[in-house]
Amino acid sequence: MKNKLSIRISVISALAMVLAAGAGIGVTYTVHTTIANSYAENSIRIAAMEDGSPLDRSFLTVRNLVTEVSDIAKLYFPTTADIQGLTNDNAKLVDIKRIYSSTAVHTEYVCNYWMVFNPAYTGTTPTDEEGVGFFVVRQKGSAVFEDHKVTNVTAYDETDPEAIAHISWWIQVKKGISTWMKPYYNGNTDQNLVSFIVPVFSADPAPLLLGAAGIDLDFDEIIDALSEHKHFEDSYPFLINADNTIAWHPDVQVFDENHHYVGADSTYQENMEAREGIAEHDGVYSYYYKGKRRMSASVPLSNSLSFGISVSMDELYDPFVKATILPVIMYGMFALALSIGLFFLLRYWLKPIQQLTNAVQNVRGGDLDVEIHRTSNDEIGELTDSFDSMVQALRSQRSEMDALAYRDGLTGVKNKNAHTAKIAEINGKIKDGNARFALVMCDVNDLKTINDSKGHSFGDQAIREACLALCHAFLHSPVYRIGGDEFIVIAEGEDYENREALFLRLSQASVTGDPDAYHFAVGMATYQPGVDKEFADVFKRADEAMYLAKKRAKNHK
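In this text the structure is predicted, and so the values were computed from the model without any measurement.

Draft legend 1. Region of the structure containing the environment of I96. On the secondary structure map, I96 appears in helix α3 (residues 91-104). Sequence spacing of I96 and I72 is 24 residues, and the spatial spacing of their C-alpha atoms is 7.6 Å. Those residues in contact with I96 that sit more than four places away from it in its chain are V69, I72, A73, Y76, F77, M115 and F134.

Draft legend 2. Structural context of unusual backbone geometry. With phi around 75 degrees, Y109 is a residue other than glycine that occupies positive phi space. When you line up the elements, Y109 lands in the loop between α3 and β1 (110-117). Classification of Y109 by relative accessible area gives buried; the value is 8%. Although it is not a glycine, N244 adopts a positive phi angle of roughly 70 degrees. Structurally, the position occupied by N244 is in the loop between β8 (235-240) and β9 (246-248). We classify N244 as partly exposed; its relative accessible area is 34%.

Draft legend 3. Just the packing of aromatic side chains, in detail. Inspection of every chain in the model, using the stated rule, returns 16 aromatic pairs. Within the aromatic cluster, the residues linked to one another by ring pairs are Y100, Y113, F134 and F145. One Lys or Arg, R275, reaches over the ring of Y289 and ends 4.1 Å from the middle of that ring. Over the aromatic face of Y288 sits the side chain of R293, whose NZ or CZ is 4.7 Å from the ring centroid.

Draft legend 4. Fine view of empty space enclosed by the protein. A full pass over the atoms with the stated rule returns 4 cavities of 30 Å³ or more. Along its surface, the largest cavity is lined by W114, V116, F135, V150, T151, W169, Y184, N186, N188 and D216. Going through the elements one at a time, β1 and β5 (184-186) are the ones with two or more residues in the lining of the largest cavity. Here the residues of the lining of the largest cavity are counted per class, giving 6 nonpolar, 3 polar and 1 charged.

Draft legend 5. Quick look at the sheet that holds β9. Pairing is antiparallel in the open sheet, where 6 strands are placed in the order β9-β8-β13-β12-β11-β10. Across the chains shown, the open sheet's two edge strands, defined by having one partner strand only, are β9 and β10 (276-281). Sheet twist, expressed as the average angle between the axes of neighbouring strands with direction ignored, equals 30 degrees. Inspection of the sheet shows β10 paired to strand β11 (residues 284-289) by 4 bridges, in the antiparallel sense. By the bridge assignment for β11, H281 is matched with V284. Helix α6 (residues 219-228) rests against β8, β9 and β13 (306-312) of the sheet, and its axis sits at about 150 degrees to β8.

Draft legend 6. Spatial organisation of the layout of surface pockets. Size it by volume and the largest pocket reaches roughly 1,700 Å³. E68, I72, Q461, R464 and E465 are, among the 43 residues lining the largest pocket, the residues nearest its centre. Elements represented by at least two residues in the lining of the largest pocket include exactly α2 (14-76), α3 and α13 (456-473). The element best represented in the lining of the largest pocket is α2, accounting for 12 residues. Grouping the amino acids of the lining of the largest pocket by side-chain chemistry returns 18 nonpolar, 12 polar and 13 charged.

Draft legend 7. Representation of α6 in the model. Those residues of α6 lying buried are F219, D220, I222, I223 and L226. Down the axis of α6, the buried set is contained in an arc of 160 degrees. They therefore lie on one face. By the N-cap criterion, in which a side-chain oxygen at the helix start approaches the backbone nitrogen of a residue two or three places on, α6 is capped by D218, the distance to D220 being 2.9 Å.

Draft legend 8. Local environment of the pairing of strand β12 (residues 292-300). With 5 bridges joining them, β11 and β12 adopt antiparallel strand pairing. When the sheet's bridge partners are listed, Y288 is paired in β12 with R293. Turn length for the β11-β12 hairpin, with the two strands adjacent in sequence and antiparallel, is 2 residues, and the turn residue K290 shows positive phi of about 55 degrees. Where β12 and β13 come together, 7 bridges link them in antiparallel fashion. When the bridges of β13 are listed, R294 appears paired with S312. With antiparallel pairing between neighbouring strands as the criterion, β12 and β13 make up a hairpin whose turn holds 5 residues.

Draft legend 9. Geometry of the environment of N434. Of note, N434 is situated in the loop between α11 (416-432) and β14 (438-444). The spacing of N434 and P529 is 95 residues in sequence and 9.4 Å in space, taken between C-alpha atoms.

Conventions adopted
- Residues numbered from 1 in each chain as written.
- Predicted model: local features only at pLDDT ≥ 70, side-chain atom pairs only at ≥ 80, totals over all residues.
- Heavy atoms only, no water.
- Helix = DSSP H or I, 4+ residues; strand = E, 2+ residues; numbered from the N terminus.
- Contact = heavy atoms within 4.5 Å.
- Buried < 20%, exposed > 50% of the residue type's maximum accessible area, 1.4 Å probe, protein only.
- Phe/Tyr/Trp six-rings, centres within 6.5 Å; stacked < 30°, edge-to-face > 60°.
- Lys NZ or Arg CZ within 6 Å of the ring centre and 35° of its normal.
- 1 Å grid on protein atoms, 1.4 Å probe; cavity = no way out; pocket = protein on both sides within 12 Å on 5 of 7 lines; lining within 4 Å.
- Points joined across faces, edges and corners; volume = space filled by probe spheres on them.
- Nonpolar A, V, L, I, M, F, W, Y, C, P; charged D, E, K, R; others polar.
- Pairing = 2+ DSSP bridges.
- Axes fitted to C-alpha atoms, helices over the stretch in contact; angles between N-to-C directions.
- Arc of directions from axis to C-beta.
- Polar contact = N/O pair within 3.5 Å; in protein donor to acceptor, adjacent residues only side chain to side chain.

By themselves, these observations are geometric and do not establish any function.
Below is the structure:
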């Protein structure tokens, strides 16, 4: 387009086109300054969230799993007497290890999972070969997990600096709070780790520290993964601790000569302040580093770390550079065009620019439903594509946040909002004659009594146990928590075909002879075409069946 326009140049329109070029440059610069910084800041924030999300998912999984295991340990070993003389082949310990393994071995970056009991109550002495519990370690460079000797913490002197590498995790356990440890070197396995630790206390009137459960993530693998996955070409990631010290940065020394993690004393802000031309806006820093103008931003993760990314501003601003410099050259050529070309060229350029400006204002106001279509193959078209990509990324981020509104925080299954949406879907299928489903209702028995007598943590555990039983029975169907202790399963497909057998298995799991176990009542109803007019009809029968089961259970007490 640029070369073809030069053919139409005439001396008569030169002055007019110079003025038009000046006006076009002014308009282009206005658009550039309006959206360039906003686009760059949003781009780097989105990149930080997307690049850090795989790591964050692992952190969330680890936290939930260790918390679940520690809760089970409290049930298996409620007092100090329960761990006296305990051996590492104890059936309950083996069961806890199995629960761990079902998720831990499939979670990215997990290299170890363990449970260690307090030697003060197990009777472990410094001369014992190992402590009481289990320690499962993934072999370096493979996916194979093997049993490792349990560290005997009594064999180490906490005042000896060389012993810290072996028992720093136990020192943290004795503080008695669940925590994500800062990255550290573990001398027992020769690994650099990030660990989540949950202390396990007894159920005595004065709770005593029985031990702890934890999962270790391979910090070296985390760094390698972050370094390999890049949202931008000229970029690098970094990690920040909760106290704002640098956890890892490609240009900060955090390992000793043996590649043992030792950390850094400098904070992220101190590192930023040492840069040239530093400027900060809403948590995003711009600065000069190694002769390049760069921009960095960080986002908090689910543990004590924050993930950050630094990107060359040349790469961030590339679409805007093209949309600014090239139009200047183009307008320079317009100075030789016919006067009549002024009208058409200005109309051609100003209309898409105005659309962009209006779209930017809408986005600033929170409207992400804006639509702007590419109308040309020049730099404005590229800018339009870049803007559209940014809006799509923001929409995706908002959609992910909306999805969280459909997940129950206590159990991890779908919540009442998701259940409401599913009802609308099923009612549509009933109306179209395509519905084939069954409903299974579940209600925890005597939850108020559990809460009043044992505390709400036991009540929460009862709810989770009931939910787990439902999930295990109906593996291919969605489970919804629709009330405090009420769940519903909508069995379709394979589970629908096997509903009777699956329900029988669930019913048998809900009744045990143990008076201290959690019990729950279940009931099932199957959709009957021509009889059930809507979802509520099936729901009512399932609910009645459940309460009948609950009543029978009470009569048999």
